[in-house]
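# Observations on the three-dimensional arrangement
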Amino acid sequence: MLTFSEVGHEQEENAMRYETQVDILQTLITLHQQQRDQKMLGEVVKVPVSHYTDSDILAQEMSTVFRRYPIIAGHVSSVSRPGDYLLSDWGKFPYVVVRDQTGELRAFLNICRHRGARVVSGNEKCLKVFVCPFHGWVYDLDGSLKHVTKAYNFPELDFRQYNLMELPVVERGGLIWIHPTPGSSIDLDAYLGPIGDDLDHFGINELVRYRKTKVVKHANWKLLIMTYLEGYHVPYLHRHTLSKSFHKGIIAHYEYGPHIRLAAARTNFPDVLRTAIHNWSILSFASVYYLLFPNTFFIMHPDYVSINTFYPEDTDRTIWTHEMLYRESDFQDEKGQKALANRFSYTNDTVFDQEDFAVAEHVQAGLSSGANEFHTLGLNEGLLAMFERSIDDVRSRVEG
Ligand code: FES
Ligand SMILES: [Fe+2]
């Protein structure tokens with residue numbers, strides 16, 4: 001087997017580290033030769049279906065899993081100029097990220113300190129200050145309360161106690177990250193480890209947004225995410241669609257903490273064996289996916305990036321957002337835009353919505369029938385077990 005040190009290769013731009021690409025492709029070649037799935041579990045695992053129906057479990061997830069980790073607020077192109085802003089897609093956690101007049105990014109809970117209205121509605125073209133629509137209180141872009149209407153009704157109000165609640169925000173590699181807990185901090189190196197290194201090398205900051213959609217699906221947030229975490233279903237559920245693009249459902253996986261990276265061999269995968277190693281480039285032969293714990297699924301295709309995020313509304317209802325990014329030079333003029341529209345509707349509507357999430361909704365609807373007390377995970381469905389275990393670990397950890 002060749003190793004990286006045996007080849008003299010200069011790292012390509014806009015791809016993950018060359019060493020990592022070679023590593024993944026070599027794992028896929030081994031799996032291809034063995035004609036076996038990569039082993040993920042030592043034994044079959046049973047997951048109680050109550051994980052998807054129990055409102056106490058969801059409440060625990062909300063106060064732990066959804067409070068302790070940074071989340072991607074969006075792509076940097078949405079907030080490139082002073083006054084640009086982006087809003088949360090989740091009513092239970094309303095935030096606003098704004099680029100202030102000095103060029104700094106600031107993030108706040110989008111909640112007025114008077115009586116809790118949303119200070120930014122989303123109809124504003126750009127922001128110079130925050131003006132609450134309910135009673136007109138005004139805040140500066142640094143979150144400080146600047147003006148109270150009819151202030152004589154609030155004698156001796158200490159303005160300093162009424163600033164917007166600030167959230168940590170970090171810009172890295174083209175993505176805006178915030179932390180959902182005021183007063184916390186973001187350490188992306190610790191959170192993402194080597195996966196952050198992958199994301200940095202994909203040149204996401206050079207992409208632009210094509211579209212972002214937001215819909216409610218009638219399934220538990222974990223069931224929706226799990227549709228991405230195994231290749232077992234691809235030849236069956238996606239036999240008329242995705243299975244034509246992927247080579248026998250071969251998947252190489254890697255974990256860092258609760259995060260997961262998956263690489264799926266594409267149909268042309270055998271060509272890698274006829275390609276000189278110094279010309280190997282992962283996206284020519286495989287698609288790469290990341291579960292960024294807890295609720296984001298990040299997809300690197302050869303010609304676009306897809307960011308899918310899942311926000312629980314209830315045990316059986318989840319907001320799904322899908323943002324597609326692309327490189328402008330890859331899809332120019334009318335023909336290019338048409339190709340992009342086709343890519344989006346194929347991925348978003350046909351594969352995700354009508355195949356993966358339709359099944360997740362059927363599964364959810366049947367949970368109360370009593371047919372299954374458990375879902376049974378085979379050895380090739382081990383990443384689902386890992387995802388469940390990561391959530392259980394965080395959920396059961398007592399707040400320090
Ligand atoms: S709730 Fe914002 S001014 Fe009253
Ligand atoms: Fe799928």
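Within an unreviewed UniProt entry, the label attached to the chain reads Rieske [2Fe-2S] domain protein, and the organism entered is Aneurinibacillus aneurinilyticus ATCC 12856. Per UniProt, the chain has the following entry under Cofactor (unreviewed entry): "Fe cation".

### Digging into the overall build of the chain
Regarding its fold elements, the chain presents nine helices and 19 strands. For the chain, the C-alpha radius of gyration of 23 Å lies close to 21 Å, the compact-globule estimate for 400 residues. Along the first, second and third principal axes, the C-alpha atoms of the chain reach 80 × 55 × 45 Å. The 400 residues of the chain split such that 37% are buried.

### With respect to the UniProt feature "domain: Rieske" (unreviewed entry) in the chain
Following the UniProt record, the feature "domain: Rieske" (unreviewed entry) maps to residues 72–178 here. As a span, residues 72–178 carries 0% helix and 32% strand, and end to end its C-alpha atoms are 6 Å apart.

### Quick word on the nonpolar core
Of all hydrophobic cores here, the largest spans 104 residues; its most connected members are L28, V97, I178, I225, A263 and A286. Setting aside anything within four residues of it in sequence, one finds I178 in contact with P70, I71, A73, Y95, V97, A107, L167, P168 and V169.

### Observations regarding the domain arrangement of the chain
The domain architecture assigned to the chain consists of domain 1 (4–62 + 192–396) and domain 2 (71–185). Its C-alpha centre places domain 1 at a distance of 32 Å from the equivalent point of domain 2. Taken together, the contacts link 15 residues of domain 1 with eleven residues of domain 2. Residue assignment for the side of domain 1 that touches domain 2 shows that the elements contributing at least two residues are α4 (194–200), β12 (208–217), β17 (305–314) and β18 (317–326). Here the element with the most residues in the side of domain 1 that touches domain 2 is β18; it accounts for four residues.

### Regarding the sheet that holds strand β8 (residues 145–147)
The strands making up a sheet associate through hydrogen bonds between their backbones, and the pairing can be parallel or antiparallel. One open sheet accounts for three strands, arranged β6-β7-β8; its pairing is antiparallel. Only two strands of the sheet have a single partner each, and these edge strands are β6 (130–131) and β8. Pairing analysis gives two bridges linking β6 to strand β7 (residues 138–139), with the strands arranged antiparallel. Following the sheet pairing, F130 is matched in β7 by Y139.

### Description of helix α9 (residues 382–396)
An α-helix turns once every 3.6 residues. As a result, residues three or four positions apart point the same way. Taking 1.5 Å of rise per residue, the 15 residues of α9 would be expected to cover 21 Å, and the 21 Å separating its terminal C-alpha atoms lies within 8% of that figure. For α9, every residue scored as buried is listed here: G382, L383, L384, A385, M386, F387 and I391.

### Observations regarding the confidence of the model for the chain
On average, residues of the chain score 91 in pLDDT, and 96% of them are at 70 or above. This model gives residues 1–13 a pLDDT under 50, and the stretch forms 14 contacts once residues within four places in sequence are excluded.

### Some thoughts on helix α1 (residues 18–34)
Here α1 contains 17 residues, and its C-alpha end-to-end distance of 24 Å stays within 8% of the 24 Å for a straight helix at 1.5 Å per residue. Of the positions making up α1, those classed as buried are Y18, T20, Q21, V22, I24, L25, L28 and I29. Backbone geometry just downstream of α1 places Q35 in the positive-phi region, at approximately 55°.

### A word on the sheet that holds strand β2 (residues 71–75)
An order of β2-β11-β10 is seen for the three strands of this open sheet, with the pairing classed as antiparallel. Strands with a single pairing partner mark the edges of an open sheet, and in this sheet they are β2 and β10 (169–172). Direction aside, neighbouring strands of the sheet carry axes that sit 30° apart on average. Bridge count for β10 against strand β11 (residues 175–178) is four bridges, and the pairing is antiparallel. The residue of β11 that forms the bridge with R172 is L175.

### Overview of the environment of L87
Within the secondary structure layout, L87 lies in strand β3 (residues 85–87). C-beta crowding within 10 Å serves as the criterion here: with 19 such atoms nearby, L87 is assigned to the partly exposed category. Between the C-alpha atoms of L87 and V98, which are eleven residues apart in sequence, the distance is 8.9 Å. In this view, L87 contacts V96, N110, V120 and G122; residues no more than four positions away in its chain are not counted.

### Side note on the pairing of β2
Within β2, four of the five residues are buried, which leaves the element mostly enclosed by the surrounding structure. Two strands pair when backbone bridges link them, and β2 and β11 are joined in this way by four bridges, in the antiparallel orientation. Across the sheet, I71 pairs through a bridge with I178, a residue of β11.

### Regarding the environment of E328
For E328, the location among the structural elements is in the loop between β18 and α8 (333–366). Distance from E328 to V49, taken between C-alpha atoms, is 44 Å for residues 279 residues apart in sequence.

### Some details on unusual backbone geometry
A cis amide bond links F293 to the next residue, P294, at an omega of 10°. Tracing the backbone shows P294 in the loop between β15 (286–292) and β16 (296–300). The phi dihedral of E156 is positive, around 60°, even though this residue is not glycine. Position of E156 among the secondary structure elements: in the loop between β8 and β9 (166–167). Owing to 4 C-beta atoms within 10 Å, E156 belongs among the exposed residues under this scheme. Phi at D333 takes a positive value of approximately 50°, unusual for a residue other than glycine. Within the secondary structure, D333 sits in helix α8.

Conventions used here
- Residues numbered from 1 in each chain as written.
- Chains lettered and ligands numbered in written order.
- Predicted model: local features only at pLDDT ≥ 70, side-chain atom pairs only at ≥ 80, totals over all residues.
- UniProt positions renumbered as here; feature names shortened; annotations may be inferred.
- Helix = DSSP H or I, 4+ residues; strand = E, 2+ residues; numbered from the N terminus.
- Rg over C-alpha atoms; globule rule 2.2 N^0.38 Å.
- Buried ≥ 20, exposed ≤ 12 C-beta atoms within 10 Å, placed from the backbone.
- Core = buried A, V, L, I, M, F, W, Y, C linked by C-beta atoms within 7 Å.
- Contact = placed C-beta atoms within 7 Å.
- Domains from an automatic or database assignment.
- Pairing = 2+ DSSP bridges.
- Expected span 1.5 Å × (residues − 1).
- pLDDT = per-residue confidence, 0-100.
- Axes fitted to C-alpha atoms, helices over the stretch in contact; angles between N-to-C directions.

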